[in-house]
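Single-letter residue listing:
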Amino acid sequence: MSQPPGYVDTKFPTKVCRLRKALYGLKQAPRAWFQRLSSALLQWGFSNSRTVSFMFLCFGESTTLNVLIYIDDILITGSSPVLCRLLYLLLN
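Cut-offs used in this document
Residues numbered from 1 in each chain as written. Predicted model: local features only at pLDDT ≥ 70, side-chain atom pairs only at ≥ 80, totals over all residues. Heavy atoms only, no water. Helix = DSSP H or I, 4+ residues; strand = E, 2+ residues; numbered from the N terminus. Rg over C-alpha atoms; globule rule 2.2 N^0.38 Å. Buried < 20%, exposed > 50% of the residue type's maximum accessible area, 1.4 Å probe, protein only. Contact = heavy atoms within 4.5 Å. Areas by Shrake-Rupley, 256 points an atom, 1.4 Å probe, with all protein chains shown as cover. Lys, Arg positive; Asp, Glu negative; His and termini not counted. Charge placed at Lys NZ, Arg CZ, Asp CG, Glu CD. Pairing = 2+ DSSP bridges. 1 Å grid on protein atoms, 1.4 Å probe; cavity = no way out; pocket = protein on both sides within 12 Å on 5 of 7 lines; lining within 4 Å. Points joined across faces, edges and corners; volume = space filled by probe spheres on them. Nonpolar A, V, L, I, M, F, W, Y, C, P; charged D, E, K, R; others polar.

(A) Main features of the overall build of the chain. A tally of regular secondary structure across the chain gives two helices and four strands. In the chain, the order of α-helices and β-strands from amino to carboxyl end is α-β-β-β-β-α. Its C-alpha radius of gyration of 19 Å places the chain more than 25% over the 12 Å reference for a compact globule of 92 residues. Expressed as lengths along the three principal axes of its C-alpha atoms, the size of the chain is roughly 65 × 25 × 20 Å. A total of 92 residues make up the chain; the buried ones form 17% of that total. Long-range pairs, those at least 24 residues apart, make up 17% of the contacts in the chain between residues at least 6 apart in sequence. Here the chain has roughly 8000 Å² of accessible surface; of this, 58% comes from carbon and sulfur atoms. Each charge sign in the chain was given a centre, from 10 positive and 4 negative side chains, and these centres are 12 Å apart.

Below, the structure written as structure tokens:
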């Protein structure tokens, strides 16, 4: 590990920078992305499936929404095309 070019501290040439968040392309990035997405879905009233950890369900009085997450793909399905479209717009 070395200091990135342009950020080299001449007083401490052996010290390196500490990341405070995951960057795209790092091994931790997919996990950080999933945690952020799942916490947003849970705040919006979705519940996590008991059997499949990457499936989120939302049940209304007359509607149902299902969200399936696989790596960086999201599948949205449900009984209301309007709610599916609204969720799609929220996630973009």
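(B) View of the sheet that holds strand β4 (residues 73-78). Taken in spatial order, the four strands of this open sheet run β1-β2-β3-β4, and their pairing is antiparallel. Looking at strand neighbours, the two that pair on one side only are β1 (47-48) and β4, the edges of this open sheet. With six bridges connecting them, strand β3 (residues 64-70) and β4 associate as antiparallel partners. Within the sheet, the bridge partner assigned to N66 lies in β4 and is T77.

(C) Representation of the layout of surface pockets within the structure. A volume near 230 Å³ is recorded for the second largest pocket. What lines the second largest pocket is W33, R36, L37, A40, D72, D73, I74, I76, Y88, L91 and N92. Going through the elements one at a time, α1 (29-43), β4 and α2 (81-91) are the ones with two or more residues in the lining of the second largest pocket. If you tally residues by element for the lining of the second largest pocket, the top one is α1, at four residues. Counted by class, the lining of the second largest pocket contains seven nonpolar, one polar and three charged residues.

That's the geometry; what it means functionally is another story.
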